[in-house]
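Structural features, examined
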Amino acid sequence: MGHLEEDLISKRELLDATGISYGQLYRWKRKNLIPEDWFIRKSTFTGQETFFPRALILERIGKIKGMKDERSLDELAGVFSPVPADLTLGVDEFAGRNIVTEMALDAALEVLAPSGRLSFTQMLWIFILDRALRSGEIGLEEGRGLLRFLSGSEEAASGRPSEVLCARKLGVAIWLLAMPPGAALLEDGAKICVRESVHECIEALKLVLVGGGVTDGR
Amino acid sequence: MDGEARGDVLINGGGTAVGGVCRTVRINGAGRISGDVDCQDCTTNGSAVLQGDLRTENLRINGAGEVTGSAEVGRGHVRGNAKVGGDLKGKTWVVNGVADVGGSVGAERLEVYGGIEVGRDCEVEVLEVRGWLTVRGMLNADAIDVALFHRNSAVNAIGGADIRIHAGRRLLVPARLVADTIEGDDIELENTTAKAVRGARVVIGKGCDIGNVEYHLDLTVDPSAKVAQQKQI
């Protein structure tokens, strides 16, 4: 993953800005709260210096500091892990939590037709659908298409970094699942109207679910 | 894991076996197992080679033991010589002798009386070494206590909360530790060569040769130590 030069923050600057210690930073790294590939090491004649992608690390450390008193580091590691969680929720329970709009949920129940409980992955697809619908960029029928697309794709649930995109030209929308590395060009007149990072959605959904004291599926 | 359906693997004298899921593995003499092993207890006395990955709750190696793949072990105890080709994961590891890990090490507690060589990163909560260690990657631990003797130590980078490197048993030429950078909250060093040391409270003791020291709260430098540059930040 390439991080632009100007987006970086040095380790010392980071400790100053956030008030955390070396010990905390290294502990969080050991607990996988901070991904390995955010540590960008550069050799200098005065010893190695480490840099981080500024926006990502500041946001992450802010979240860890905000939650570390209520939750164990291992729980937090689960939230930040890109792997879908091992959680299930009954449909009524999920509806009752008001995580997504009724419209998104109804569409999802129609398309996914879940038998019994919703898996984390299914909740994730509904969550992404909800965000796309709320953006106002897509219609309900297109949303159903998104669900059919995601739930039928093994790649989407693989936990690999990916983005869900909607490209539209002359009113015709198509859904894409983009996985880095790779770049795509769009033809003239087409535009990307929805763009959601699957990892970010996983993290956000885990935060809502765990934050509200979810029952684990047994 | 279901212990009922499993058998035992026992090699006395010399022999070979194939891997698999079993309850206990015991090798007395010279034994070789081909294939991955998943067991509760694994004990080897003498010389043992496992060609594959090992997963076990308890591992005891007395003599020479080798796992060519990676090892995931609850509690491991080495008396003698152990070699792991891939990664080593575990809760607690005690090494009396020498351990050589080709990949990375991840454990809650690692105690070494002798030496350890790690090909990649070493991430543990508590590290205690009496002897020497070589870590090609990064050593990241909450508490690090190393008494240097027998042989020189080398670590690419050290990071953690409490880092204590001190001179162990006196030989004619004292053993040293060489690192690129050392970063921690409380750092106490002896006989250490490093390009950069960065910490909140730093004590540079006898026999040190440090390029750059950055400290936040407190710095003490022994008169016999060499520090090229120091800066409070």
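Residues numbered from 1 in each chain as written. Chains lettered and ligands numbered in written order. Predicted model: local features only at pLDDT ≥ 70, side-chain atom pairs only at ≥ 80, totals over all residues. Heavy atoms only, no water.

Bringing the domain arrangement of chain A into the picture now. Annotation of chain A at the domain level lists domain 1 (8-70) and domain 2 (88-211). Each of domain 1 of chain A and domain 2 of chain A was reduced to a C-alpha centroid, and the two centroids are 31 Å apart. (Domains from an automatic or database assignment.)

A few words on the packing of aromatic side chains. All names here are of chain A. Throughout the structure, instances matching the rule amount to one aromatic pair over all chains. When the centroid spacing of 4.8 Å and the interplanar angle of 70° are considered together, the rings of F39 and F52 count as edge-to-face. Of this pair, F39 sits in the loop between α2 (22-30) and β2 (40-42) while F52 sits in strand β3 (residues 49-53), and the two are 13 residues apart along the sequence. Just as F39 is buried, F52 falls in that class too. Above the plane of the ring of F39 lies K29, whose end atom (NZ or CZ) is 5.2 Å from the centre. (Phe/Tyr/Trp six-rings, centres within 6.5 Å; stacked < 30°, edge-to-face > 60°. Helix = DSSP H or I, 4+ residues; strand = E, 2+ residues; numbered from the N terminus. Buried < 20%, exposed > 50% of the residue type's maximum accessible area, 1.4 Å probe, protein only. Lys NZ or Arg CZ within 6 Å of the ring centre and 35° of its normal.)

A few words on the pairing of β3(A). Residues and elements named next belong to chain A. Burial runs high along β3: four of the five residues are buried. In this structure, strand β1 (residues 8-10) lies alongside β3, joined through three bridges in antiparallel fashion. Its bridge partner being in β3, L8 is matched across the sheet by P53. Pairing analysis gives three bridges linking β2 to β3, with the strands arranged antiparallel. Among the inter-strand pairings, I40 is bridged to a residue of β3, identified as F51. (Pairing = 2+ DSSP bridges.)

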